[in-house]
Amino acid sequence: MPDYSKIYIDGAWKSSHGTSTIDVVNPMTERVIAAVPAGTSADVDAAVLAARNAFEPWWHTTVPERASLLRSVATKLRERADEIAQIISAEMGSPISFSNMVQVGAPIRSFEVSADLVEKFEFTRNAGSFDIVREPIGVVGAITPWNYPLHQIAAKVAYAMAAGNTVVVKPSIMAPLDAWILAEIMHEIEAPAGLFNLVSGSGAVIGEALASHPDIDMVSFTGSTDVGRRIGATAAQTIKRVAMELGGKSANVVLPDADLAELMPSAIRSAMSNSGQTCAALTRLLVPRNRLAETENLAKQLAESLTVGDPSDPATILGPLASRQQLDIVRGYIDRAITDGAKLVTGGSAPIRGFGTGCFIAPTVLSNVTVDMEIHNEETFGPVLALVPYDDEEEAVRIANATDFGLAGGVWSTDEDKARAVAVRMRTGQVAINGAKFNPEAPFGGYKQSGIGREFGMQGLEEFLETKSLLF
Ligand code: NAP
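This one's a predicted model, so the numbers in the text were calculated from it and none came from an experiment.

Looking at the sheet that holds strand β12 (residues 251–254)
In any sheet, the strands associate via hydrogen bonds between backbone groups, in a parallel or an antiparallel arrangement.
Logical step 1: Read from one edge to the other, the open sheet built from 7 strands follows the order β14-β15-β16-β13-β12-β17-β18, with strand pairing classed as mixed. Among the strands making up the open sheet, the edge pair consists of β14 (343–346) and β18 (432–433).
Logical step 2: When β12 meets strand β13 (residues 284–288), the two strands line up parallel, connected through 3 bridges. Following the sheet pairing, Ala 251 is matched in β13 by Arg 284.
Logical step 3: Packed onto the sheet, helix α9 (residues 260–272) meets β12, β13, β15 (364–367), β16 (384–390) and β17 (409–412) and runs at close to 175° relative to β12.
Logical step 4: Strand contacts of helix α10 (residues 292–304): β13, β14, β15 and β16, with the helix running at about 45° to β14, the strand carrying the most contacts.

Next up, the structure:
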């Protein structure tokens, strides 16, 4: 087990300048499973200095050297996959099967894909009487959430390092433990000192220190829109580059010709997997009004068939929410939706019978949801699907675009051209046609208040690059 009492700075495990620690609580047992240092701004200063010193040498490594390091990280992550999956399930409640496949599988792919992409990337391109040269931005501060803890770290660290940047990572206090494994791996593969630094602590202290630090060139943040707004304002004081992957309330549009029985398992999964704690969850299912009753029946059957339970059990499909605070937030959304006039089809805010401990909530389907309701417009971050009826395609597009978010979406039709025609009208960074799966090479990010910039794919690499014109 990693030694969680130290932070990782300048290629070595160091004591924090602070003396207090932050407990990490397993949301299944509701017991403390570890404690990590509550870092201070002095820790951030030390990490930033190390990253600054490491920057020039890392920038001037060759692309094959960088790709080789990234692939070594992927190999080591794969070797420790079971251990990492167990840690993530324990810290934030993801079912072990999902942790293995997604929570660990996705970060491994990020390290591999970023290595493949950087090898193909044209860092210098001639444009006639000038060259366009792409260079790393410098020191990147990465601030990440708890819902896909290692995946979000990898999306930043792998691509930033591929581009030639050095990084300081601040993981979420709720699920920081997996980041220690990544630091151990960096140490084991003898990554250059200062290339990767890990400082734990609260957003209010470490996150603020990173966003305001004059020697950080870019902050890459994934988290809530409210915190993103604050980070943007803080980072503006030093005019640093900011990339933001924020919240969503994504629409899954069922066109009248779609096969409901066939699509509903995917619709339920895309709203509820990881207990709905997914930024890109398709939490609004837009259905033709004359098929609402049929949709309610299918949604009820499928939601009730999901096995809710102990995340360490391979049969579990939905684990607990990540914390008691998250449970209270989700309950509040469900109760207010019902007060606002939504119909409870299944689930609800009441505790599930038979569960002694654990932040559990029943998979919940709400119907007759309309655009004026809070449940239609705000990110719930729980296993809650809102069924929203529409009368014609124009209205479906209008409803799909009617929130402040624009992160993801889906369209279903037996005619792919029809689905495409609707997809291109959706003001959102990604649209899956007929249940297409997440692709780690496709750019991901938000329109509107879902973010600024893109992660993954070539755009995810370019996010971490400056542009220089060399005139001659
Ligand atoms: P959050 O509360 O916004 O926290 C995200 C990170 O920001 C945490 O590390 C947090 O620190 C830190 N933070 C908090 N206050 C800060 C401040 N004043 N300055 C700098 N950093 C600060 O989000 P969360 O609850 O962890 O994650 C859920 C949210 O993330 C959802 O809204 C979800 O949609 C979004 N998300 C988006 C994507 C995407 O790609 N678009 C992916 C995943 C998640 P603490 O450790 O103290 O909390």
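Having seen the structure, we can now continue with the description.
A few points about the domain arrangement of the chain
Logical step 1: Split into domains, the chain comes out as domain 1 (7–246 + 450–471) and domain 2 (251–439).
Logical step 2: The interface is formed by 24 residues belonging to domain 1 together with 31 residues belonging to domain 2.
Logical step 3: For the pair domain 1 and domain 2, the summed buried area comes to about 2,100 Å², and 58% of that belongs to carbon and sulfur atoms.
Logical step 4: Remark: the boundary between domain 1 and domain 2 carries 12 residue pairs in polar contact (both at pLDDT 80 or more).
Logical step 5: Counting residues per element, the ones that place at least two in the side of domain 1 that touches domain 2 are α3 (81–92) and α4 (96–120).
Logical step 6: Here the element with the most residues in the side of domain 1 that touches domain 2 is α4; it accounts for 4 residues.
Logical step 7: Residue composition of the side of domain 1 that touches domain 2, grouped by class: 11 nonpolar, 10 polar and 3 charged.

A look at the pairing of strand β7 (residues 139–143)
Logical step 1: In terms of burial, β7 is largely enclosed, as 5 of its 5 residues are buried.
Logical step 2: Burial of β7 is two-sided: the residues Val 139, Gly 141 and Ile 143 facing one way and the residues Val 140 and Ala 142 facing the other way are all buried.
Logical step 3: Relative to strand β8 (residues 166–170), β7 is paired through 5 bridges, and the arrangement is parallel. What sits directly across from Ile 143, in β8, is Lys 170.
Logical step 4: The parallel pair β7 and β8 is bridged by helix α5 (residues 149–163), and the resulting crossover is right-handed.
Logical step 5: Two strands pair when backbone bridges link them, and β7 and strand β10 (residues 218–222) are joined in this way by 4 bridges, in the parallel orientation. Each residue of the ladder has a partner; that of Ile 143, found in β10, is Phe 221.

Points about the site of the ligand
Logical step 1: Every one of the 28 residues lining the ligand counts as a neighbour, but Thr 144, Ile 173, Ser 224, Leu 246 and Glu 379 are closest to it.
Logical step 2: Taking Leu 246, its main chain carries an N or O atom lying 2.7 Å from a nitrogen atom of the ligand.
Logical step 3: Where the shell around the ligand is concerned, the elements lending two or more residues are α7 (203–212), β10 and α8 (225–236).
Logical step 4: Tallied by class, the residues present in the shell around the ligand amount to 12 nonpolar, 11 polar and 5 charged.
Logical step 5: In terms of domain composition, the shell around the ligand takes at least three residues from each of domain 1 (7–246 + 450–471) and domain 2 (251–439).

Parameters and conventions
Residues numbered from 1 in each chain as written. Predicted model: local features only at pLDDT ≥ 70, side-chain atom pairs only at ≥ 80, totals over all residues. Heavy atoms only, no water. Pairing = 2+ DSSP bridges. Helix = DSSP H or I, 4+ residues; strand = E, 2+ residues; numbered from the N terminus. Contact = heavy atoms within 4.5 Å. Axes fitted to C-alpha atoms, helices over the stretch in contact; angles between N-to-C directions. Domains from an automatic or database assignment. Buried area = accessible area lost by both parts, 1.4 Å probe. Polar contact = N/O pair within 3.5 Å; in protein donor to acceptor, adjacent residues only side chain to side chain. Nonpolar A, V, L, I, M, F, W, Y, C, P; charged D, E, K, R; others polar. Buried < 20%, exposed > 50% of the residue type's maximum accessible area, 1.4 Å probe, protein only. Right-handed = clockwise from strand over helix to strand, strands pointing away. Near = heavy atom within 4 Å.

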